[in-house]
Amino acid sequence: MRENKKLKKFGSLLVASSLLAGVLAGCGNGDSSSSGGSSSGGGGSSDGDTIKIGANLELSGNVASYGSSIGLGADLAVKEINDNGGIDGKKIDLIKVDNKSENSEATAAALKLATQDKVVAMLAPATSGNTVATVQIANSNKIPIVTGSGTAPNITVNADDSVNEYAFRTCFIDPFQGIVAANFASSELEAKNVAIFADNASDYAKGLAKSFKETITKNGGKVVKEEAYVAKDTDFRTQLTNIKASKPDFIFIPGYYEEVGLIVKQAREMGIDVPLMGADGWDSPTLVELAGAKALNNTYITNHYSAEDPDQKIQDFVKAFKAANGDKAPDAFNALGYDTVYYIADAIKRAGSTDGEAIKNALAGTKDLSLVTGTFSVDKQHNPIKTATVLEFKDGKQVFNSKVNP
């Protein structure tokens, strides 16, 4: 259900610093990352005065912007928690491993963190495909994984509807983003004839395209053209020519920033001036560099939060992040990395244990946890129930547009 746009901006997102005063009161200080070390026991153990949490992230490769941003947010959360007492007096030791934006490397990184570093929980990769590649390792080693931005439903739920016990997320899932985008296109932009241009090699993009198509059709809209591309393509003019010929009044482009930036640039160069929309996969400074600020005017994305939200708790997070990162405003991936650490830390605190099963049960039982990207509870499929935000690009800047309830 949509809220009044003027009121949405003043919604009740609460920054995770509230946890510092309550849930995680306690602890010393220390570095926010580590190159590793040994631990006494397998998954669900800790080493002396530290609790080891892994971070399996895209720190290089095709989508390094996502993993690096998740990592920066995680670093801030770890520092805050450690500076304020840690978890029951134990500091978090964050062990980062670069999965190089590849599924096989993500699997290898998860295996290393589980069997060599012996972490008690992991921040899973930023992308859906890389996260899916680590689920079996999490389940078999009984080590919870939490992805900050892996939105594909099959991360937590299998084709037979069984739940992956040890897989969780802090972001909403692809179908929700597709539904939000379709409802926004219908109600706010009055789109009637739409085109879909999706990465057909990506579970993320295919999930978004499916839910968008179903919802826009239910809303009375018509999909006049569907085209596809694959990651690392650079020339999209043939597909864009076909789309232009179908005369859509709106184009939905689910995908990642590296291709999307070029798609937007080429579309505008070809005279396609209708509204374009995507999801959180667009959220990278590189998008503006590739597309150009002017080309991005009249484009929109669904995302997890807005740094422009005037809520004081949000602004406290923004201020802290800027202070730690050269005055850079935090994007949604920064916020999700931050939230993911707090979500895990809160679960360990409530579990009163570093045992993997106990942490898993605490993660699953989370209710009304206040974080930067929203106050959420966890449903039976290990997905958070929380709000989504629609952002609009204006001269290369993301501007808050509206907030949508689940």
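Quick caveat: nothing in here was measured; it's all calculated off a predicted structure.

Draft legend 1. Up close: the sheet that holds strand S6 (residues 193-199). Read from one edge of the open sheet, 7 strands run S7-S6-S8-S9-S10-S14-S15, paired in mixed fashion. Across the chains shown, the open sheet's two edge strands, defined by having one partner strand only, are strand S7 (222-229) and strand S15 (397-404). Averaged over neighbouring strand pairs, the angle between their axes works out to 25° when direction is ignored. In this sheet, S15 lies alongside strand S14 (residues 388-394) in antiparallel orientation, the contact comprising 7 bridges.

Draft legend 2. Up close: the sheet that holds strand S12 (residues 374-378). An order of S11-S12-S13 is seen for the 3 strands of this open sheet, with the pairing classed as antiparallel. Edge positions in the sheet fall to strand S11 (369-371) and strand S13 (384-385), since each of these pairs with one other strand and no more. Pairing between S11 and S12: 3 bridges, direction antiparallel. Bridging from a neighbouring strand, Ser-370 pairs with Thr-375 of S12. Lying over the sheet, helix H12 (residues 332-351) contacts S11 and S12, oriented at roughly 155° with respect to S11.

Draft legend 3. Layout of the pairing of strand S1 (residues 50-57). Burial runs high along S1: 7 of the 8 residues are buried. Between the parallel elements S1 and strand S2 (residues 91-98), the chain passes through helix H3 (residues 64-83) in a crossover that is right-handed. Pairing between S1 and strand S3 (residues 121-124): 3 bridges, direction parallel. Residue Ala-55 lies in a different strand from S3, and its bridge partner there is Leu-123.

What counts, and where the lines are drawn
- Residues numbered from 1 in each chain as written.
- Predicted model: local features only at pLDDT ≥ 70, side-chain atom pairs only at ≥ 80, totals over all residues.
- Heavy atoms only, no water.
- Pairing = 2+ DSSP bridges.
- Helix = DSSP H or I, 4+ residues; strand = E, 2+ residues; numbered from the N terminus.
- Axes fitted to C-alpha atoms, helices over the stretch in contact; angles between N-to-C directions.
- Contact = heavy atoms within 4.5 Å.
- Buried < 20%, exposed > 50% of the residue type's maximum accessible area, 1.4 Å probe, protein only.
- Right-handed = clockwise from strand over helix to strand, strands pointing away.

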